[in-house]
Structures are given as C-alpha cells and as structure tokens.
Amino acid sequence: MINTTHIGGVSKVFGTKNRIYSAGGNDSVVQARWLNTTTGVWSLNSSVSGVGTSSDTVSAMYVSGNQKRWGVGRSNGDIYILGHPDNSYSWSIANTITGAHTASVNFIRFSSNGWHMISGAAGNDSVRLRTKLNNWNTSTDYPWKGQSGDWDDRNKQVTIGLYGNDNGAFTTKFLKANCSAGTNTSDISQCQCPAGQAWFNGGCGLLLCNSTNFTNINVTKGYAD
Amino acid sequence: MTLEPHQDYFMGGATDFVNGSVLYVNTDDSETRLTTCDLKTLQFHTNISAGVYGTATNFTQFNNTVQQMRYRSDGTWLAVRTDNATLIYFMKNSSAIDHTVDVVSTPKSLAWVYDDDMLAVGLANGSIAVLQRIASNNTFHVH
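Since this is a predicted model, take the numbers as computed values, not measurements.

Undergrad: What am I meant to see in the overall build of chain A here?
TA: In terms of regular secondary structure, chain A is built from 0 helices and 18 strands. Over its C-alpha atoms chain A spans a radius of gyration of 18 Å, differing by no more than 12% from the 17 Å that the globule rule assigns to 225 residues. Across its three principal axes, chain A shows a C-alpha extent of roughly 55 × 45 × 30 Å. Taking all 225 residues of chain A together, 52% fall into the buried category.

Undergrad: What's the story with the overall build of chain B in this structure? I'm lost.
TA: For chain B, the count of helices and strands is 0 helices and 14 strands. Rg of the C-alpha trace for chain B: 16 Å, near the compact-globule value of 15 Å for 143 residues, within the 12% margin. Overall size of chain B, expressed as C-alpha extent along the three principal axes, is 45 × 35 × 30 Å. The contacts of chain B with a sequence gap of at least 6 include a subset with a gap of at least 24, amounting to 32%.

Undergrad: Help me understand the sheet that holds strand β8 (residues 77-82) of chain B in this model?
TA: Across a sheet, paired strands are connected by hydrogen bonds in the backbone, their directions being either parallel or antiparallel. All names here are of chain B. Spatially, β7-β8-β9-β10 is the arrangement adopted by the 4 strands of the open sheet, whose pairing is antiparallel. What marks the edges here is a single partner per strand, and that holds for β7 (66-71) and β10 (96-102). Across the sheet, the mean angle separating the axes of adjacent strands is 25 degrees when strand polarity is ignored. In this structure, β7 lies alongside β8, joined through 5 bridges in antiparallel fashion. Of the residues in β8, the one forming a bridge with methionine 69 is valine 80.

Undergrad: Would you explain the confidence of the model for chain A in this entry?
TA: Parts of the prediction with low pLDDT should not have their coordinates interpreted in detail. In this model, chain A carries a mean pLDDT of 91, and residues with pLDDT of at least 70 account for 92%. A low-confidence stretch, residues 217-225 of chain A (pLDDT under 50), is modelled with 22 contacts involving residues beyond four sequence positions or located in other chains.

Undergrad: Honestly, the nonpolar core in this entry has me stumped. Any pointers?
TA: In summary, soluble globular proteins display a tendency toward joint burial of nonpolar side chains. In terms of nonpolar packing, the biggest core is built from 84 residues, with Ala120, Val121 and Ile128 of chain B touching the most fellow members. Ignoring anything within four residues of it in the chain, the contact list for valine 121 of chain B reads Ile88, Val103, Pro107, Leu110, Ile128, Ala129 and Leu131 of chain B.

Undergrad: Just to check I follow, could you spell out the sheet that holds strand β4 (residues 30-36) of chain A for this structure?
TA: Residue and element names in this part refer to chain A. Taken in spatial order, the 4 strands line up as β2-β3-β4-β5 in an open sheet, and their pairing is antiparallel. Only two strands of the sheet have a single neighbouring strand rather than two, namely β2 (10-15) and β5 (41-48). Here the average twist between neighbouring strands, direction ignored, is 25 degrees. One ladder, built from 7 bridges, connects β4 with β5; its direction is antiparallel. Bridge assignment links arginine 33 to a residue of β5, and that residue is leucine 44.

Undergrad: Just checking my understanding: could you explain the environment of valine 113 of chain B for this structure?
TA: Mapped onto the elements of the fold, valine 113 of chain B is located in strand β11 (residues 107-113). Through-space distance from the C-alpha of valine 113 of chain B to that of tyrosine 71 of chain B is 11 Å; in sequence the pair is 42 residues apart. Discounting chain neighbours no more than four positions away, the residues touching valine 113 of chain B are Gly15, Thr16 and Ile20 of chain A together with Met118 and Ala120 of chain B.

Undergrad: What's the story with the interface of chain B and chain A in this structure? I'm lost.
TA: By a widespread convention, an interface's size corresponds to the accessible area lost as its parts come together. Facing 52 residues of chain B, the contacting portion of chain A comprises 53 residues. Secondary structure elements with two or more residues in the side of chain B that touches chain A: β1 (2-10), β2 (22-27), β3 (33-38), β11, β12 (118-123) and β13 (127-134) of chain B. The dominant element in the side of chain B that touches chain A, judged by the number of residues it contributes, is β1 of chain B, at 9 residues. In this sheet, β13 of chain B lies alongside strand β1 (residues 2-3) of chain A in antiparallel orientation, the contact comprising 2 bridges. Residue pairing for β13 of chain B: isoleucine 2 of chain A is matched across the bridge by isoleucine 128 of chain B.

Undergrad: Sorry, what's going on with the confidence of the model for chain B here?
TA: Looking at chain B as a whole, its pLDDT mean stands at 93, while 99% of the residues score no less than 70. Within chain B, the lowest mean pLDDT, 84, falls on strand β6 (residues 58-61) of chain B, and the highest, 97, falls on β12 of chain B.

Undergrad: Please clarify how the environment of methionine 91 of chain B should be interpreted in this entry.
TA: All names here are of chain B. Tracing the backbone shows methionine 91 in strand β9 (residues 87-92). Here methionine 91 falls in the buried class, since 21 other C-beta atoms lie within 10 Å of it. For the pair methionine 91 and threonine 76, spaced 15 residues apart in the sequence, the C-alpha separation amounts to 8.3 Å. Apart from the residues within four sequence positions on either side, methionine 91 is in contact with Leu78, Val80, Ala96, Ile97 and Asp98.

Undergrad: Explanation requested: unusual backbone geometry in the structure shown.
TA: Glycine aside, a negative phi is what most residues show, and trans is what most peptide bonds show. All names here are of chain B. Of note, the phi angle at alanine 85 is positive, near 50 degrees, even though the residue is not glycine. For alanine 85, the position within the fold is in the loop between β8 and β9. Judged by the 11 C-beta atoms lying within 10 Å of it, alanine 85 falls in the exposed class. In this structure, valine 104 is a non-glycine residue whose phi angle is positive, near 75 degrees.

Criteria and cut-off values
- Residues numbered from 1 in each chain as written.
- Chains lettered and ligands numbered in written order.
- Predicted model: local features only at pLDDT ≥ 70, side-chain atom pairs only at ≥ 80, totals over all residues.
- Helix = DSSP H or I, 4+ residues; strand = E, 2+ residues; numbered from the N terminus.
- Rg over C-alpha atoms; globule rule 2.2 N^0.38 Å.
- Buried ≥ 20, exposed ≤ 12 C-beta atoms within 10 Å, placed from the backbone.
- Contact = placed C-beta atoms within 7 Å.
- Pairing = 2+ DSSP bridges.
- Axes fitted to C-alpha atoms, helices over the stretch in contact; angles between N-to-C directions.
- pLDDT = per-residue confidence, 0-100.
- Core = buried A, V, L, I, M, F, W, Y, C linked by C-beta atoms within 7 Å.

So this is what it looks like as structure tokens:
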C-alpha cells in the first residue's frame, strides 16, 4: 500500500513499466512514483502543483505510450499537458489549454508518440483533435458525444465510447494526415516529407539537434497502459 | 490531421441501455481484444480484421454499474471496478470472473504497472493499493 498526500482520495492512476502517475480527487496536484525493482519500494519521483484550480477537479488523465506527455483534464474543461526534459523525468506544466472543452473533460488519449491528442467532454461538447505541431493551440472538432476513448497504435485509430444513446453506441475513427505530397504508404497518420525533412510532432520539418524542453522528438514505443 | 470514419458499433438494441453511456473502452496491447461497458454490462469484442471488431460474443452482467476496466497488455487478465463497495474483479479468458480482491477503500481508478503482474488502484482514502500476482496460485493480493 502506498500512502499519498492527495486530498479527496486518489481519483486517477495511470501505470507504465515502472511508474505510477496519480491525481487527487480534490486537489490540483499530480504525482509520479518510481519503483525500485531491487527493494520493491515505490518512491515519490515528481510532484507538480497548479495542475488545476481550487474550484475544479480532475476528470481525466492519460500518459502517452512513450511517456513524453502527461495530460490532465479538469471538470471546468481545461486540459494541462505536462512534459519533461529528455534527460530526466522532472515533470512540469508545458501547456495549459484553458477552455479546451466547454464542460468537464471525459477522456484524454495521446497517440503513442505523443504527437496527437484526442479528448471528449460532457455537456454535448465535441470530440477534439489537437496536435503538438502547433503546441496544441487549435483543435479540429467533431460532433460526437465522447464519454471514453482508447488509442489503437497498431491500426492508428481511436475507439470512442459515446453518451446520449440508449443502445451502447461506440465508434472507431482513423487518425489520418492530410498530405499534399502523399501519405506514408505504411502509416496513414503520417505524410511523405520533402527531401531533407522528417515527420515529427505531426508535420514535416527539418530535424534540428537543439536541446529544448518539451520538444523531445525522439520516439520510442513505450509501455502501453 | 483528421479523424476519419471507420466503423460504428452498438452494444445492444435501441433501448437496451436507457440513460446509459459507454463509460469505458479498452483494447489490449495486441489491439485484437476490445472491451466496452455500459451500465452493468461488460462486453467483449474480438478483432475480425485490422481494427475491425465482430459482434460481441461474450458479455458479463454485474450487479452494479461498471466504472472502469483495463486489460493486462497481453489480454489474459482484465481488471474491473464497479460502483459497489471495495472490490476489484479479476477476469480471465474474456468473460469469467476468476476472483476478487477487497482493497478496503472505494477504488477510484486502476492501472497495470511494472511487469503486468501488478495492478495499481487509486483509493478514496488517499492511498494507492498495489495488487501483486502470486504465481503459485495465479491470483492477485494486496502487496
């Protein structure tokens, strides 16, 4: 049993190979714990405050498969995206999307590489697709009442459970890149890029070797939840 | 980037889940098994071609509303929590409840961790219960 300092219970947990991510039911703190596989002891690795306000509560949480993005949805519709430098798991808030939704966020899912985020919310709000390429600033919205979701990296699709129906409706949608020079033949979520460019963060661009927090473009297949 | 239509599905008939919602969906890491829940019903869907699921062949009816479930990455175990009491349900072979574990406080969330033989459960009392599989009897216990 792991004791935490969360207030209002531990409302969300998320697991990876050797970490447990958690959010309190009535606070604005998220925490990450690390397992010492030799001693079998879980230790607090990172604690981030200010992930929300005193007037809202956590309603959704997800970590990308490569553990580059940690998304936290709140009851007021805000989404916080946390990141960390490539050389440490020192998490901090990278982006705050105020009013990401008009009502409580029901679910957040990142693609495994952390480049795309799909979220749904209560209040008949849209399912929204955002991309790291423009720092999550704009969304493409779909008129689906998204209650739950899960990312399928093998087929590059998201499964979305719906609300507002009496028949248990759910749906699958492909993530597809809109390409001027052709789609990657083996992955419809990526475009073919011009010579000298590569596909990362959801778009074609020059590969730069600058070290900047939250850019972490190197991609590995992480341990799925 | 866009989300393009693929397939639409229904867990039941027109009025089988009145005032319900598909509260949780989850695929295992092989992306061949999908489980969905609405109200007290948990359904299992098997992949019939890439990313396409056939009609659910198995389902489990709980006594309470299913809140969340997660496949272990290899799909051999499914951990389930409902809005009843303090129990975590462990299911095997995609339909049968194998055993339950009492985590003492109301479970609020769950997630597989480490080598997939551990399940982390966020509790209403502010703790995280870590349930570990005991190989000798192939059941989970509070660690």
